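# Observations on chain architecture
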Amino acid sequence: MTILVTGATGTLGRRVVEGLRREGRKVRALTRTPAGASRLPGDVEVVGGDLTDPGTLKSAFDGVSALHLLGATGYDHAPLRTGPQLMAMCAAAGVRRLTVLAPDEGGELERAVRASGLEWTFVWPIDLMANTLGWADTVRATAEVREPYAGRRTASADEADVADVITELLVRGGHAGRRLVVTGPEALAPADKVAALAAATGRELRFTDLTDDEARRQWRAAGWPEEGIDFMLRMWATVPASAAEVTPAVEQVLGRPPRSFAQWATVHAAAFRA
């Protein structure tokens with residue numbers, strides 16, 4: 001039977017596809033831009049479709065036994081509004097098992113999933129360590145990271161761990177009817193991550209804490225739109241304490257501890273070297 005992975009060309013989706021292939025499963029990858037899926041392995045079936053338009057998905061569900069579903073659409077992370085239609089398509093196709101990458105916010109998608117009768121699990125990482133790659137160009141050029149709100153701490157998860165959790169749930173099930181918040185083993189501030197990158201790269205790296213005004217000037221100079229600047233400042237100023245809470249999700253599902261940021265930094269050190 002086929003496992004359908006939505007968002008298959010994204011940071012997590014690609015890793016879920018790879019994990020399922022290692023398990024010997026037949027994978028169908030759904031993407032809005034099939035031409036951009038050339039990096040996926042040749043034995044992966046690539047189909048075009050848009051989760052916001054169920055009419056484009058008529059053949060995507062054929063023969064599918066399990067589904068990994070993105071709960072948000074586009075770069076604005078807007079909640080998916082087509083949950084009822086998608087769950088109806090799952091029922092018609094005989095899909096039995098479902099993982100949903102989405103926060104549990106009590107919205108329309110969650111209600112549709114809970115009412116679906118499927119074996120479902122919501123999976124949500126607090127933050128992905130891969131987001132740190134956004135520093136790479138600046139670190140290579142200046143050996144410095146400059147950001148506001150240096151005190152914010154997050155229990156970031158290695159994207160490989162999150163993908164392994166999703167793969168395990170899709171292949172072997174378990175943890176049905178739960179929301180799993182996936183984290184790393186510790187909560188770190190930005191300066192802690194810079195220190196780990198310095199150790200991994202063997203470079204002297206600095207972290208500089210910016211005021212709001214300094215951050216605005218820096219991001220304007222980089223070409224950020226004002227609404228994007230406002231959004232980032234608002235988000236970082238209001239990081240909840242729960243973002244620093246470490247959960248046992250990785251160990252519960254995989255039977256091993258989550259990877260640390262120091263381990264992630266060692267694997268990705270080349271991206272931060274001059």
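Residues numbered from 1 in each chain as written. Predicted model: local features only at pLDDT ≥ 70, side-chain atom pairs only at ≥ 80, totals over all residues. Heavy atoms only, no water.

Time to look at the pattern of salt bridges. Per the counting criterion, the structure on display carries 20 salt bridges. Arg 172 serves as the salt-bridge partner of Glu 23, at 2.7 Å between the closest nitrogen and oxygen. Taken together, the residues Glu 23 in the loop between α1 (11-22) and β2 (26-31) and Arg 172 in helix α5 (residues 159-172) connect sequence positions 149 residues apart. For Glu 23, a relative accessible area of 31% gives the class partly exposed. (Salt bridge = Lys/Arg side-chain N within 4 Å of Asp/Glu carboxyl O. Helix = DSSP H or I, 4+ residues; strand = E, 2+ residues; numbered from the N terminus. Buried < 20%, exposed > 50% of the residue type's maximum accessible area, 1.4 Å probe, protein only.)

Before going further, it helps to examine the packing of helix α7 (residues 212-221) against helix α8 (residues 226-237). The contact between α7 and α8 brings their axes to 10 Å, and the two run at 145 degrees. Crossing geometry of α7 relative to α8 is assigned as right-handed. Two secondary-structure elements touch here, α7 through Asp 212, Ala 215, Arg 216, Trp 219 and Arg 220 and α8 through Glu 226, Ile 229, Asp 230, Met 232, Leu 233 and Trp 236. Residues belonging to the contact of α7 with α8 are distributed by class as follows: 6 nonpolar, no polar and 5 charged. (Axes fitted to C-alpha atoms, helices over the stretch in contact; angles between N-to-C directions. Left-handed = near helix turned anticlockwise from the far one by under 90°. Contact = heavy atoms within 4.5 Å. Nonpolar A, V, L, I, M, F, W, Y, C, P; charged D, E, K, R; others polar.)

Spanning 14 residues, α5 covers 20 Å between terminal C-alpha atoms, matching the ideal 20 Å at 1.5 Å per step. Judged by how many residues are buried, α5 sits mostly within the fold: 11 of 14 residues are covered. Structurally, the start of α5 carries an N-cap: the backbone nitrogen of Ala 160 is 2.8 Å from a side-chain oxygen of Asp 158. Of the residues one or two after α5, Gly 173 is the one with positive phi, at around 75 degrees. (Expected span 1.5 Å × (residues − 1). Polar contact = N/O pair within 3.5 Å; in protein donor to acceptor, adjacent residues only side chain to side chain.)

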